[in-house]
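Here is what each chain is made of, one letter per residue.
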Amino acid sequence: MTLKTILLGACSALAFAGMASAETLTIATVNNGDMIRMQGLTEDFTSKNPDIQLEWVTLEENVLRERVTTDIATKGGQYDVLTIGNYEVPIWAKQGWLLPLEKLGDNYDVDDLLPAIRGGLSVEGKLYAAPFYGESAMIMYRKDLFEKAGLKMPENPTWEFIGDAARKITDRSADINGMCLRGKAGWGENMAFITALANSYGGRWFDENWKPQFDQPEWKNALQFYVDLMKDAGPSGASSNGFNENLTLFQQGKCGMWIDATVAASFVSNPKDSTVADKVGYALFPTQGELKNHGNWLWSWNLAIPASSQKSEAAEKFISWATSKDYTALVASKEGWSNVPPGTRTSLYKNEEYKKAAPFAEPTLAAMDAADITKPTVKPVPYTGGQFVAIPEFQALGTTVGQLFSAVVAGQSSVDDALAGAQSTATREMTRSGYIK
């Protein structure tokens, strides 16, 4: 055996040993554009951390929530990094299901996180998840269709104006729907929008004593408006459409308006993917009548470490990389400033390059500033949350109510029957859980 052969064999053995000793992080994430983009850029992380390998489990939003919740509640240990919302973080942290993030690094700059976002991810002063992006909701609309119809978007539009405008710009012969809205059942799908809509109408899930309020006129008015609008100006099959489906419709030029997450702005304005990129305008989430309550949501998709993970040190390294200012700069260098993850850091909205490249930067920040999750609706409530109710029971309850409302959009039920079902279901669950006697 030659010396060269011996050396080559030794090198191969060392390389194999290095691969064998590498930790593999299993990351559960949602199948939206920002997360998929992150997966395409992770060579930057693995090249700097050759002892860490990444395995992705990428799921549709409702499926992700179901699997992650089941795994963490049963201490299954399937995942080392979870993609979860600001609904789950404080609840799961208090139950001891998440590890605090205390080693994000000297350069991470936790103080740069937007106060509202950071506050929603902290319990007793400790950060339990790092935000990948933050969002509120706003109107995205076709300026060319508005101009053609002789319409001008107000600075603070009302639902009455939006409903009228949606019907006017609907053109079934040209396959243009005046309004696209979430109809797919789920507490984070259709109920995110419908709850925000109800908030703006003065509706609330529960009164001060946790009694469900679906039998009140505010909910009837809000849900009837939504159902009628979808019938008159929405796309066919709207009951199956969530964020991704409506995004595709808008990018294809089939939506005159879309009211959804502010994070969608970078996708609808990207000429690589959107046929109407140069025609998009933005406006605040509507109000109803004289209430002047935007009722808007405040959401963030965040990366967290389950307490069941045996690889917490490596997991925190990954989270630090994925949610850092350096990652933002990496996306900007590869995809342009308009495509960086929004809504998490104060410094981004002071960045002149970003503001110049992203016409939606100021509307996004205005939408987030207009959201008040401590006072989501007009009347007093015993809970916090814009598009959700921050109690453990809401995940299952919100999805059940979402199924009732989705059936109305599908023509399988009536508004009155759906609201009666929601009232009955919510009353039964809140009684069973001990909120009401």
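Residues numbered from 1 in each chain as written. Predicted model: local features only at pLDDT ≥ 70, side-chain atom pairs only at ≥ 80, totals over all residues. Heavy atoms only, no water.

### Section: the sheet that holds strand 9 (residues 280-284)
- Here three strands make up an open sheet; going across it, the order is 8-7-9 and the pairing antiparallel. Looking at strand neighbours, the two that pair on one side only are strand 8 (257-261) and strand 9, the edges of this open sheet. Taken pair by pair, the neighbouring strands of this sheet meet at an average axis angle of 30°, ignoring direction.
- Both strand 7 (residues 137-142) and strand 8 contribute to a ladder of five bridges, which runs antiparallel. Each residue of the ladder has a partner; that of M140, found in strand 8, is W258.
- Against the sheet, helix 11 (residues 243-251) contacts strand 7, strand 8 and strand 9, and its axis sits at roughly 145° relative to strand 8. (Pairing = 2+ DSSP bridges. Helix = DSSP H or I, 4+ residues; strand = E, 2+ residues; numbered from the N terminus. Axes fitted to C-alpha atoms, helices over the stretch in contact; angles between N-to-C directions. Contact = heavy atoms within 4.5 Å.)

### Looking at the nonpolar core
- Within the largest apolar cluster, 146 residues are counted, with the highest numbers of intra-cluster contacts made by M179, F193, W205, Y226, M257, F318 and F405.
- Among the elements that make up this core, the one with the highest residue count is helix 10 (residues 217-233) (nine residues).
- Excluding residues that lie within four positions of it along the chain, F318 makes contacts with L25, I27, M38, T42, F45, L54, W56, V81 and L303. (Core = buried A, V, L, I, M, F, W, Y, C linked by side-chain atoms within 4.5 Å. Buried < 20%, exposed > 50% of the residue type's maximum accessible area, 1.4 Å probe, protein only.)

### Some remarks on the pairing of strand 10 (residues 299-304)
- Across the six residues of strand 10, six count as buried, placing the element largely inside the fold.
- Of the two faces of strand 10, the one carrying W299, W301 and L303 and the one carrying S300, N302 and A304 are both buried.
- Bridge count for strand 3 (residues 81-85) against strand 10 is four bridges, and the pairing is antiparallel. For L82, the partnering residue across the bridge sits in strand 10 and is A304.

### Structural notes on helix 4 (residues 61-73)
- When the terminal C-alpha atoms of helix 4 are compared, their 18 Å separation across 13 residues agrees well with the 18 Å that a helix rising 1.5 Å per residue should span.
- Among all positions of helix 4, only E61, L64, R65, V68, T69, D71 and I72 are buried. The arc enclosing the buried residues of helix 4, seen along the axis, measures out at 165°, which places them on a common side.
- Those residues of helix 4 that are buried are in contact with strand 1 (23-30), strand 2 (52-59), strand 3, helix 5 (88-94), strand 10 and helix 17 (394-409).
- Backbone nitrogen of N62 and a side-chain oxygen of the N-cap are separated by 3.2 Å at the start of helix 4; the cap is E60. (Expected span 1.5 Å × (residues − 1). Arc of directions from axis to C-beta. Polar contact = N/O pair within 3.5 Å; in protein donor to acceptor, adjacent residues only side chain to side chain.)

### Notes on the side chain of T195
- In this structure, T195 sits in helix 9 (residues 190-200).
- Classification of T195 as buried rests on a relative accessible area of 2%.
- Side chain to side chain, T195 and W205 meet in a polar contact 3.2 Å long.
- Beyond its immediate sequence surroundings of up to four residues, T195 is in contact with W205, W219, G386, Q387 and F388.

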